[in-house]
Amino acid sequence: MEEHIGWGIVGYGWVARDYMAPAIRAAGHRLVAVADPGEVSRAAAEKEGAQAHADLAGLIAEPEVEAVYVATPNHLHRGAVEALCAAGKAVLCEKPMAASLADAEAMAASARRSGTFYGTAFDQRHHPGHRAMRALIREGRIGTVTAIRIVYACWLDRGWTSFEGQDNWRIDPAQAGGGALMDLAPHGIDLVDFLLGEPIVEIAAMTQARAQDYAVDDGALLIGRTGSGALAQLNVAYNCPDALPRRRLEVVGTRGMLTAIDTMGQTAGGSLTLTEGAQGRTETIAFDRQASPFLEQVRAFGRALRDREARSAWDAERDLHTMRLIARAYAAAGAPAGRDAA
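Since the model is a prediction, treat every value here as computed from it, not as a measurement.

Trainee: Where do I start with empty space enclosed by the protein in this structure?
Mentor: Using a probe with the size of a water molecule, rolled over the atoms, empty space left in the structure can be pinpointed. Evaluation of the coordinates by the stated rule reveals one cavity of 30 Å³ or more. As a volume, the largest cavity reaches approximately 30 Å³. Every residue lining the largest cavity is listed: Ile189, Asp193, Pro199, Ile200, Arg318, His321, Thr322 and Leu325. Secondary-structure elements contributing two or more residues to the lining of the largest cavity are helix H8 (180-196) and helix H10 (316-333). When residues in the lining of the largest cavity are grouped by element, the largest group, four residues, is from H10.

Set out below in structure tokens:
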């Protein structure tokens, strides 16, 4: 077990409450403090035994807080990250980095200037099933990878909220910076890099606003290509009913294919199979189905906080490249992205 780490959380919404706080406990760490302006959110945090503050300054003043998870609406990421970097706190910031590319660039510069340990919360890198996929790809089990296909979708209507009485900020272009593409596509873009060891370098996209009644895109298709020529296809959506199949990850190679079902998301589990290319035989791949990606992410961040050699897996410049790809995807789709363009 990693050495005890004191955590703070900025923005105590449903992801923080339902996934990050439990992961901190399960990792043997401690949630020390929460900063959130909402009374309901602060009351929920107090039930976890955390000190609840209405503003970030109160959290920063807590001496036991070493690492801070930033889970505010996207447009508030920059202010929180810059303040935490200035205070010398390690930062794990939710994806996307920010609501605009300009804010993301400023955040990366702040982390670089201050020397702060910064990471973007791409929890899908830490799903045991995805780690197993990467290992098999590196072993050459599916040959040369030719394509990655991802479906990552959900149903997000206008009335959805984290807590009763709160607004759905994810459908507000000023707060979110975009819709389904902004929210869900960063995971897939980052997974391509994680699985193949190289990023997407070319990207194009089309967006839609077809099923939901709000100002941001409710679906998007993206295509990309890595430097070595592997193709990536991402279908992300806020308009897919949750009872339908909606989380699928395929990696196709010259010798076989890996297929992960229901691994993408916040929870543990799912399934992984390897289909052999010559005869079509299918093998079920075992992985840890109990550990959630959030738990594994907390463990990995904690190890890196204590061991500088482990920090190479966290890279603000790589995450900034992902934000640039998102901006280029929106531009290719002819749709605005980022707070300033909304």
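Trainee: Could you clarify how one ought to interpret the side chain of histidine 127 in this entry?
Mentor: The topology assignment puts histidine 127 in the loop between strand E6 (118-121) and helix H6 (128-138). The buried category is assigned to histidine 127, whose relative accessible area is 0%. There is a polar contact of 2.9 Å between the side chain of histidine 127 and the backbone nitrogen of glycine 129. If we ignore the near neighbours within four places in the chain, the residues touching histidine 127 are Thr263, Thr267, Ala268, Gly269, Phe287 and Pro293.

Trainee: What is the right way to look at the layout of surface pockets in this model?
Mentor: Size it by volume and the second largest pocket reaches roughly 230 Å³. Sorting the residues of the lining of the second largest pocket by element identifies H6 and helix H9 (293-306) as the ones contributing at least two each. For the lining of the second largest pocket, the per-class residue count stands at six nonpolar, two polar and five charged.

Trainee: Whenever I open this one, the sheet that holds strand E2 (residues 30-35) confuses me. Can you help?
Mentor: Sheet architecture is open: six strands sit in the order E3-E2-E1-E4-E5-E6, paired in parallel fashion. Strands at the two margins of the open sheet, each flanked by one partner only, are strand E3 (51-53) and E6. The mean angle between the axes of side-by-side strands here comes to 20°, regardless of whether they run parallel or antiparallel. Direction of pairing for strand E5 (residues 90-94) relative to E6: parallel, over a ladder of four bridges. The residue bridging cysteine 93 from the neighbouring strand is threonine 120, located in E6. Sheet strands in contact with helix H1 (residues 14-26) are strand E1 (6-10), E2, strand E4 (67-70) and E5, and its direction is about 175° off that of E1.

Trainee: Which parts of the structure should I look at to understand unusual backbone geometry?
Mentor: Working note: non-glycine residues mostly have negative phi, and peptide bonds are mostly trans. Put simply, lysine 95 and proline 96 share a cis peptide bond, and its omega is -15°. Examined against the element boundaries, proline 96 turns out to sit in the loop between E5 and helix H5 (101-114).

Trainee: Explain the packing of aromatic side chains to me, please; I cannot follow it from the model alone.
Mentor: How two aromatic rings sit relative to each other is set out by the distance from centre to centre and by the angle between their planes. Counted by the stated rule, this structure contains seven aromatic pairs. Seen in terms of ring centroids, tryptophan 14 and tyrosine 19 are 5.9 Å apart; in terms of plane orientation they differ by 80°. Their pairing is edge-to-face. Here tryptophan 14 and tryptophan 160 contribute two aromatic rings whose centre-to-centre distance is 5.6 Å and whose plane-to-plane angle is 75°, an arrangement assigned as edge-to-face. Linking tryptophan 14 in helix H1 with tryptophan 160 in the loop between strand E7 (145-153) and helix H7 (173-176), this pair joins segments that are 146 residues apart in sequence. Here tryptophan 160 falls in the partly exposed class, since its relative accessible area comes to 27%. For arginine 289, the ring lying beneath its charged end belongs to phenylalanine 287, and the centroid distance is 4.3 Å.

Trainee: Please clarify how the UniProt feature "domain: Gfo/Idh/MocA-like oxidoreductase N-terminal" (unreviewed entry) in the protein chain should be interpreted in this entry.
Mentor: Mapped onto the present numbering, the UniProt feature "domain: Gfo/Idh/MocA-like oxidoreductase N-terminal" (unreviewed entry) falls at residues 6-118. Between the end C-alpha atoms of residues 6-118 there is a gap of 16 Å, over a span that is 46% helix and 21% strand.

Trainee: Sorry if this is basic, but what is going on with the UniProt feature "domain: GFO/IDH/MocA-like oxidoreductase" (unreviewed entry) in the protein chain here?
Mentor: In the UniProt entry, the feature "domain: GFO/IDH/MocA-like oxidoreductase" (unreviewed entry) is given for residues 130-258. For the annotated span residues 130-258, helix accounts for 23% and strand for 33% of the residues, and the straight-line distance between the end C-alpha atoms is 10 Å.

Trainee: Would you take a moment to explain the side chain of threonine 116 for this structure?
Mentor: Tracing the sequence through the fold places threonine 116 in the loop between H5 and E6. When its relative accessible area of 13% is taken as the criterion, threonine 116 is described as buried. Within the structure, the side chain of threonine 116 is placed 2.6 Å from the side chain of serine 114, a separation counted as a polar contact. The contacts of threonine 116, once residues within four sequence positions are left out, are Cys85, Lys89, Ala90, Val91 and Ala111.

Trainee: Help me out: how do you make sense of the pattern of salt bridges in this one?
Mentor: Opposite charge on two side chains permits them to pair, given that their charged atoms come into close proximity. Per the counting criterion, the structure on display carries 18 salt bridges. Across the pair lysine 95 and aspartate 183 runs a salt bridge whose closest N-O atoms are separated by 2.6 Å. Note that lysine 95 is positioned in the loop between E5 and H5 and aspartate 183 in helix H8, a separation of 88 residues in sequence. For lysine 95, a relative accessible area of 9% puts it in the buried group. Its relative accessible area of 14% is what places aspartate 183 among the buried residues.

Trainee: When you look at the environment of alanine 61 in this model, what are you seeing that I'm missing?
Mentor: The residue alanine 61 is located in the loop between helix H3 (56-60) and E4 in this model. The exposure class assigned to alanine 61 is exposed, which follows from its relative accessible area of 59%. Taking the C-alpha atoms as reference points, alanine 61 and threonine 259, separated by 198 residues in sequence, lie 47 Å from one another.

Cut-off values and rules
Residues numbered from 1 in each chain as written. Predicted model: local features only at pLDDT ≥ 70, side-chain atom pairs only at ≥ 80, totals over all residues. Heavy atoms only, no water. 1 Å grid on protein atoms, 1.4 Å probe; cavity = no way out; pocket = protein on both sides within 12 Å on 5 of 7 lines; lining within 4 Å. Points joined across faces, edges and corners; volume = space filled by probe spheres on them. Helix = DSSP H or I, 4+ residues; strand = E, 2+ residues; numbered from the N terminus. Buried < 20%, exposed > 50% of the residue type's maximum accessible area, 1.4 Å probe, protein only. Polar contact = N/O pair within 3.5 Å; in protein donor to acceptor, adjacent residues only side chain to side chain. Contact = heavy atoms within 4.5 Å. Nonpolar A, V, L, I, M, F, W, Y, C, P; charged D, E, K, R; others polar. Pairing = 2+ DSSP bridges. Axes fitted to C-alpha atoms, helices over the stretch in contact; angles between N-to-C directions. Phe/Tyr/Trp six-rings, centres within 6.5 Å; stacked < 30°, edge-to-face > 60°. Lys NZ or Arg CZ within 6 Å of the ring centre and 35° of its normal. UniProt positions renumbered as here; feature names shortened; annotations may be inferred. Salt bridge = Lys/Arg side-chain N within 4 Å of Asp/Glu carboxyl O.

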